[in-house]
Amino acid sequence: EFCISNSLQYSLARGVQRTAVRQAHHGKHEPNFHDKYGNLVLIGGAAFFAAVWGYVLTKSGIAWGLSPVGRVTPKEWRE
């Protein structure tokens, strides 16, 4: 049992090591879509998000006075 465990660990370690070496030799990879346009898409999405919510919040007609001070008057007490 101990020998099987050690040999399994050794073979797994060798596989991981081989994968790491294989990836190291492929140092230059061709940039994919995310490498080329990832930041641009992120910035564009953030700008679109801000523009849409800015429009919604300013054109929705909601009164944004959040404080009730001076607007709420207490009712007369009834017994």
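By convention here, each chain's residues receive numbers from 1 onward along its written sequence. Note on the predicted model: pLDDT of at least 70 is required for a residue's local features to be given, and 80 or more for side-chain atom pairs to be given and counted; whole-chain, interface and lining totals, by contrast, use all residues. Hydrogen atoms and water are omitted, and side-chain values are computed over all heavy atoms in the structure.

- By the naming in an unreviewed UniProt entry, the protein goes by Cytochrome c oxidase subunit 7B, mitochondrial and is assigned to Odontophorus gujanensis.
- Listed in UniProt under the heading Subcellular location (unreviewed entry), the comment for the protein reads: "Mitochondrion inner membrane".
- UniProt positions are given in the numbering used here, feature names are shortened, and annotations may be inferred rather than shown by experiment. Of the comments in the UniProt record for the protein, the one headed Sequence similarities (unreviewed entry) reads "Belongs to the cytochrome c oxidase VIIb family."

**Digging into the overall build of the protein**
Stage number 1. Under the DSSP-based scheme used, a helix requires at least four consecutive residues in state H or I and a strand at least two consecutive residues in state E, with every element numbered from the N terminus. Counting its regular elements, the protein contains two helices and zero strands.
Stage number 2. Across the 79 residues that make up the protein, the buried fraction comes to 0%. Note on classification: 1.4 Å probe, protein chains only; a residue is buried when its accessible area is under 20% of the maximum for its type, exposed when over 50%, partly exposed between these limits.

**A word on the UniProt feature "transmembrane region" (unreviewed entry) in the protein**
Stage number 1. UniProt records the feature "transmembrane region" (unreviewed entry) for residues 37-57 in the present numbering.
Stage number 2. Helix and strand shares over residues 37-57 are 100% and 0% respectively, and the end C-alpha atoms of the span are 30 Å apart.

**Quick look at a nonpolar patch on the surface**
Stage number 1. A cluster of nonpolar side chains, namely Phe48, Phe49, Val52, Trp53, Tyr55, Val56, Leu57, Ile62, Trp64 and Leu66, defines an oily patch on the protein surface of about 1100 Å² accessible area.
Stage number 2. Checked against the element boundaries, Leu57 lands in helix H2 (residues 33-59). A residue counts toward a patch only above 30% relative accessible area and without a salt bridge, and it is joined to like-charged neighbours within 9 Å or, for Val, Leu, Ile, Met, Phe, Trp and Tyr, to nonpolar neighbours within 5 Å. Accessible surface area values rest on a Shrake-Rupley calculation with a 1.4 Å probe, where residue burial reflects the displayed protein chains alone. Any carboxyl oxygen of Asp or Glu that lies within 4 Å of a side-chain nitrogen of Lys or Arg is treated as forming a salt bridge with it.

**A closer look at H2**
Stage number 1. Take the residue count of a helix, subtract one, and multiply by 1.5 Å to get its expected span. Taking 1.5 Å of rise per residue, 27 residues should cover 39 Å, and H2 covers 36 Å from first to last C-alpha, within 8% of that figure.
Stage number 2. Of the residues one or two after H2, Gly61 is the one with positive phi, at around 80 degrees.

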